Amino acid sequence: METVSENRCFGGVQGVYSHASEACGCDMTFGLYLPPDVTTAKVPVLWYLSGLTCTHENAMTKAAAQGFAAEAGMALVFPDTSPRGDDVADDEAYDLGKGAGFYVNATQDPWAPHFQMWDYVSTELPDLIGREFAVDLDRQAITGHSMGGHGALTLAMAHPGRFASVSAFAPICHPSGSDWGQKQLSAYLGNNEEAWARHDASLQMQAVGFDGPVLVDQGGSDQFLDLLKPETLSHAMAARRQDGVFRVQKGYDHSYFFVATFIPDHIAFHAEALGL
């Protein structure tokens, strides 16, 4: 692991680090914010998964989360959204290839050699951070925006007992039934609809739910509502009587202005679930 940068931030340190990823077969970069409390004890971790076209940097610089994390005493992890490098497959479209890993393990060429983001985010990166930094992996929570909200919800439901809580900002709720999903899932996973279902938050909410509290915020003026299909997740949560809250925020769109507005609520929500 190499240190790219470290900056003092709200009494803690905002770092950027790179490492050779076995899962993705390339160098990967991630952001990690460590609060002041890390000097006295291991701190719990909140994962933030970003959306289409993003890198580790977008939420790190735009979500305005570090100050609230410092007050709560939690670390923030900002993974990248896809593998990177000259030999990594890509597509001319913004919603496939680099920046659009969809947090799945690709089984189809040309994506399979590098696009193993599920294993990277769920196994390799936590193991690395647990070895290298004073974080408590027995206390984790997860959130994300858009494609990252899809990833946060599906990862949380697939790993019972790992995350104390899960939240999402304008998640892609039903990718197997949306143009933001059918294209990517077929490219990465082929026509295996059973594999698609494991990466569909609405279907997984119907099938297994989450063993903790859920918070979802959706902008009422989001320009991508027809692609996100928030009603499918809301209905699934209600039908399952999931412990959670689904909020539509009037007038807000899909941007990081929306995320930054409600990130204090989400960090407070996770802090309570983590016992902070």
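For the structure itself, look to the data block above.
Overview of the structure.

## Observations concerning the overall build of the chain
Right, on to step 1. Per the secondary structure count, the chain includes 10 helices and nine strands.
Right, on to step 2. For the chain, the C-alpha radius of gyration of 17 Å lies close to 19 Å, the compact-globule estimate for 276 residues.
Right, on to step 3. C-alpha atoms of the chain, sized along the principal axes, occupy 50 × 45 × 35 Å.
Right, on to step 4. Put simply, of all contacts in the chain between residues at least 6 apart along the chain, 72% involve residues at least 24 apart.
Right, on to step 5. One finds the centroid of the 15 positive side-chain charges in the chain at a distance of 6 Å from the centroid of its 34 negative side-chain charges.

## Quick look at the pattern of salt bridges
Right, on to step 1. Tallying each qualifying case throughout the model produces six salt bridges.
Right, on to step 2. One salt bridge connects Lys 183 with Asp 95, and the closest N-O pair in it is separated by 2.7 Å. Of this pair, Lys 183 sits in helix α5 (residues 179-189) while Asp 95 sits in the loop between β5 (75-78) and α3 (117-132), placing them 88 residues apart in sequence.
Right, on to step 3. For Asp 95, a relative accessible area of 9% gives the class buried.
Right, on to step 4. With its nearest N and O atoms 3.9 Å apart, the salt bridge here joins Arg 198 to Glu 194.
Right, on to step 5. According to the relative accessible area criterion, Glu 194 is exposed, its value standing at 59%.

Criteria and thresholds
Residues numbered from 1 in each chain as written. Predicted model: local features only at pLDDT ≥ 70, side-chain atom pairs only at ≥ 80, totals over all residues. Heavy atoms only, no water. Helix = DSSP H or I, 4+ residues; strand = E, 2+ residues; numbered from the N terminus. Rg over C-alpha atoms; globule rule 2.2 N^0.38 Å. Contact = heavy atoms within 4.5 Å. Lys, Arg positive; Asp, Glu negative; His and termini not counted. Charge placed at Lys NZ, Arg CZ, Asp CG, Glu CD. Salt bridge = Lys/Arg side-chain N within 4 Å of Asp/Glu carboxyl O. Buried < 20%, exposed > 50% of the residue type's maximum accessible area, 1.4 Å probe, protein only.

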